[in-house]
Amino acid sequence: MTGVLLAVCLLLQAAPVPTAPAGPAAPDAVVRPAGPAAGGWLTEQLAARVRRNPPLGPVPADPTNRWADSEAAAQLGHRIFFDERFSASGRVACSSCHDPAHGFSDPRPLAKGEGSGTRHSMRVLNVAHQRWFTWDGRADTLWSQAVQPFETPHEMNLPRAKVVARVAGDSVLRDAYLRAFGQAPPAADAAPAAVDAAFAQIGKALAAYERKLVSGPSAYDRWWTRRAAGDPKADQELTDAQRRGLALFFGKANCFQCHHGALFSDGEFHMLGVPPRDGGQPTDAGRYAVIERIRSDPFNAAGPHSDDPDGVQAHISASLVRTPDQWGEFRTPSLRNVAQTPPYMHAGQMATLPDVVRFYSTLEGATSLDHHRESVLTKLGLSASDQADLVAFLEALTGPLPGAPWGRPPG
Ligand code: HEC
Ligand code: HEC
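Computed from a predicted structure; not experimentally measured.

Chemist: Any chance you could explain the coordination of the iron atom of ligand 1 here in plain terms?
Modeler: Octahedral metal centres with six donors ideally show angles of 90 or 180 degrees, and tetrahedral centres with four donors ideally show 109.5 degrees. Here the protein supplies the iron atom of ligand 1 with just one donor, His98 (NE2), and that contact is 2.1 Å long. Secondary-structure assignment places His98 in the loop between α4 (94-97) and α5 (142-151).

The structure is reproduced here in structure tokens:
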């Protein structure tokens, strides 16, 4: 990535979105605490690092989707997300693989819809805070991701004209569409351009819904906020094992290096050398395979359906360049609520969090591809009790899932 682009990315990732409007501060402007101060077991170095992983702020604006914050659009998206009729067999909904009972993820290692996939269905939680979507980041907006599963053969396998026709042909969905966008969905014999436009709207409605799927404060967040406020009893929020795990995460285990920011993710792509499910050398090219696809996707941030085609995300996508070192890279996943969504890694290769931590500790089985694997990853050689402490810390990142109405099927 070029220096300029990196600078833009760093700016975009800059800490939580301020709650006060731009311009002179309103008298009641919420001033966020600077973060926990060092003291006791929290060394200066650790304190400086935990400040980079604050509680989640409000979801950032999405200028590419003018309906991002429309309640009516979210209601339409909510209905479609749970509706199995949007698939070839009539048996697969978004929620089949992103199940609220499993933290909006899927306990099966690999995705199974109309066919079988080669990747694990990742959590759809706090996704509105991300810039790239899916393990390889092949979508540059939340709404352009949302249209993909319909036509993916192993997911829902339903052509866009049928997706639009399903909405137009159901009185409840048709009304919801009309309320959201002020116009009815096009008729079954509509021209391809009208179908594409309505398909993009449906993606934007799903994205408006997904913006509601955020987790509440975890034990870590409560600890962070109370420490930042100078509460002398803040440490009670974490167990002894979780505090030791925190010190490892931000210290010698080096996890924060990629898992930083409010999401516990740098939003970037790395090759960890996670061994393929069936052994041998990896065949999934990850980030490398999708760069051209993002640039040519008619639903991308720069395309005719975007509401901000000259915006920052459009420029970032347009300046992507494919390089050999992207081969086998996957996006650093957020670690929020990670304890609720086994199995782990892009192909569900690891069944439990202790398995993940053991992998980082031993790098056993890691594929190296001519030493192309991330050089920051070194065998940590953690003791069994260190590993247990790290797992305990990861468990402190679980916050409440969204409840009714958004976290449940629509009534
Ligand atoms: C058959 C299972 C399946 C179905 C059905 C499905 N998904 Fe997914 N979803 C996945 C998988 C697998 C991934 C990761 C894809 C990849 O990396 O190639 C994913 C990724 C995502 C992501 C990216 C999350 C992130 O953190 O980047 C979002 C958002 C999402 N899906 C939303 C949806 C929506 C909306 C629908 C319905 C229109 C849907 N999915 C239908 C399996 C499914
Ligand atoms: C070099 C960057 C980097 C470092 C350092 C790093 N991670 Fe990761 N982490 C990733 C990436 C990238 C993935 C996804 C890899 C894949 O699927 O191939 C990942 C995946 C994970 C997952 C699985 C999440 C899921 O939803 O499947 C967990 C848990 C995790 N890391 C925890 C840790 C811990 C604990 C440490 C420190 C011991 C750590 N990571 C260090 C980049 C990193």
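And the narrative resumes.
Chemist: Honestly, the environment of Cys258 in this entry has me stumped. Any pointers?
Modeler: Inspection of the secondary structure assignment puts Cys258 in the loop between α10 (240-249) and β1 (269-270). Classification of Cys258 as buried rests on a relative accessible area of 16%. With 76 residues separating them along the chain, Cys258 and Ser334 place their C-alpha atoms 9.9 Å apart. Those residues in contact with Cys258 that sit more than four places away from it in its chain are Ser265, Asp266, His270 and Thr332.

Chemist: Even after reading the chapter, I still don't get the domain arrangement of the chain, so can you show me in this structure?
Modeler: The extent of an interface is frequently quoted as the accessible surface area lost upon association of the parts. Assigned domains within the chain: domain 1 (34-56 + 217-286 + 332-402) and domain 2 (71-210). Put simply, the middle of domain 1 and the middle of domain 2, counted by C-alpha atoms, are 31 Å apart. With 24 residues of domain 1 at the interface, the matching set in domain 2 holds 23 residues. Of the roughly 1,800 Å² buried between domain 1 and domain 2, counting both surfaces, carbon and sulfur atoms make up 63%. Taken as a group, Phe269, Thr341 and His346 account for 26% of the area that domain 1 buries against domain 2, more than any other trio of residues on that side.

Chemist: Where do I start with the coordination of the iron atom of ligand 2 in this structure?
Modeler: Coordination of the iron atom of ligand 2 by the protein involves His259 (NE2) and Tyr360 (OH), with metal-donor separations of 1.9 to 2.1 Å. Classification of the site at the iron atom of ligand 2 rests on its 6 donor atoms, whose angles at the metal span 86 to 179 degrees, yielding the label octahedral. Pair noted here: His259 is in the loop between α10 and β1 and Tyr360 is in helix α13 (residues 353-362), with a separation of 101 residues, a long-range link.

Chemist: Got a minute to help me understand the pattern of salt bridges in this structure?
Modeler: Any two side chains of opposite charge can pair, so long as their charged atoms come close to each other. In the structure shown here, the tally under the stated rule is 21 salt bridges. Residue Asp106 pairs with Arg108 through a salt bridge whose shortest N-O separation is 3.0 Å. Note on Arg108: relative accessible area 33%, which makes it partly exposed. Across the pair Arg358 and Asp355 runs a salt bridge, and its minimum N-O distance is 3.1 Å.

Chemist: Which parts of the structure should I look at to understand the nonpolar core?
Modeler: Residues Leu76, Ile80, Phe86, Phe150, Ile202 and Leu206 are the most contacted members of the largest nonpolar core, which totals 46 residues. Mapped by element, the contributors of at least two residues to this core are α3 (71-81), α5, α6 (160-168), α7 (171-181) and α8 (192-210). For this core, the leading source of residues is α8, giving 10 residues. Beyond its immediate sequence surroundings of up to four residues, Ile202 is in contact with Ile80, Phe150, Val163, Val164, Val167 and Tyr177. Membership of the second largest hydrophobic core comes to 37 residues, among which are Tyr220, Met350, Leu353 and Ala396.

Chemist: Would you explain helix α9 (residues 219-228) in this entry?
Modeler: Counting along an α-helix, one turn takes 3.6 residues, and residues three or four places apart therefore face a common direction. If you check which residues of α9 are buried, you get Ala219, Tyr220, Asp221, Trp223, Trp224 and Arg227. In this structure, the buried side of α9 is in contact with α2 (44-50), α10 and α14 (384-395). In the stretch just after α9, Gly230 is the one whose phi turns positive, near 80 degrees.

Chemist: Sorry, what's going on with the site of ligand 2 here?
Modeler: Taken together, 25 residues lie around ligand 2, and Cys255, Cys258, His259, His346 and Tyr360 are the ones closest in. Contacts to ligand 2 include His259, whose side-chain N or O atom sits 2.8 Å from a nitrogen atom. With 3 residues, α13 is the single largest residue contributor to the shell around ligand 2. Split by residue class, the shell around ligand 2 holds 18 nonpolar, 5 polar and 2 charged.

Chemist: I tried to follow the confidence of the model for the chain on my own but got confused; where do I start?
Modeler: Interpretation of the predicted coordinates at a detailed level should be avoided for regions scoring low in pLDDT. Taken over all residues, the pLDDT of the chain has a mean of 91, while the share at 70 or more is 90%. Considering only residues more than four positions removed or in separate chains, one finds that residues 1-27, a stretch of pLDDT under 50, has 25 contacts.

Chemist: How do you make sense of the packing of aromatic side chains when you look at a structure like this?
Modeler: Aromatic ring pairs are reported here in terms of the distance separating the ring centres and the angle at which the planes meet. Considering all chains together, one arrives at 19 aromatic pairs under this definition. With centroids separated by 4.8 Å and ring planes inclined at 75 degrees, the aromatic side chains of Tyr177 and Phe181 adopt a geometry described as edge-to-face. Residue Tyr177 and its partner Phe181 are located together in helix α7, separated by 4 residues, close to a single helical turn. Side by side, Tyr177 and Phe181 carry an identical accessibility label, which is buried. Relative to Trp223, the ring of Tyr220 has its centre 5.9 Å away and its plane inclined at 35 degrees; by these criteria the two rings are tilted. Taken together, the residues Tyr220 and Trp223, both in helix α9 and 3 residues apart, mark about one turn of the helix. There is no split in this pair, since Tyr220 and Trp223 are both buried. Clustering of aromatic rings is evident, with ring pairs tying together Trp41, Tyr220, Trp223, Phe249, Phe250, Phe256, Phe264 and Phe393. The ring of Trp132 has Arg287 sitting right over it, with the charged end atom 4.6 Å from the ring centre. Sitting over the ring of Phe269, Arg287 keeps its end group 3.9 Å from the ring centre.

About the thresholds
Residues numbered from 1 in each chain as written. Chains lettered and ligands numbered in written order. Predicted model: local features only at pLDDT ≥ 70, side-chain atom pairs only at ≥ 80, totals over all residues. Heavy atoms only, no water. Donors = N, O, S within 2.8 Å, 3.2 Å for Na, K, Ca; no water. Helix = DSSP H or I, 4+ residues; strand = E, 2+ residues; numbered from the N terminus. Buried < 20%, exposed > 50% of the residue type's maximum accessible area, 1.4 Å probe, protein only. Contact = heavy atoms within 4.5 Å. Domains from an automatic or database assignment. Buried area = accessible area lost by both parts, 1.4 Å probe. Tetrahedral: all angles 85-135°; square planar, octahedral: opposite > 155°, others 65-115°. Salt bridge = Lys/Arg side-chain N within 4 Å of Asp/Glu carboxyl O. Core = buried A, V, L, I, M, F, W, Y, C linked by side-chain atoms within 4.5 Å. Near = heavy atom within 4 Å. Polar contact = N/O pair within 3.5 Å; in protein donor to acceptor, adjacent residues only side chain to side chain. Nonpolar A, V, L, I, M, F, W, Y, C, P; charged D, E, K, R; others polar. pLDDT = per-residue confidence, 0-100. Phe/Tyr/Trp six-rings, centres within 6.5 Å; stacked < 30°, edge-to-face > 60°. Lys NZ or Arg CZ within 6 Å of the ring centre and 35° of its normal.

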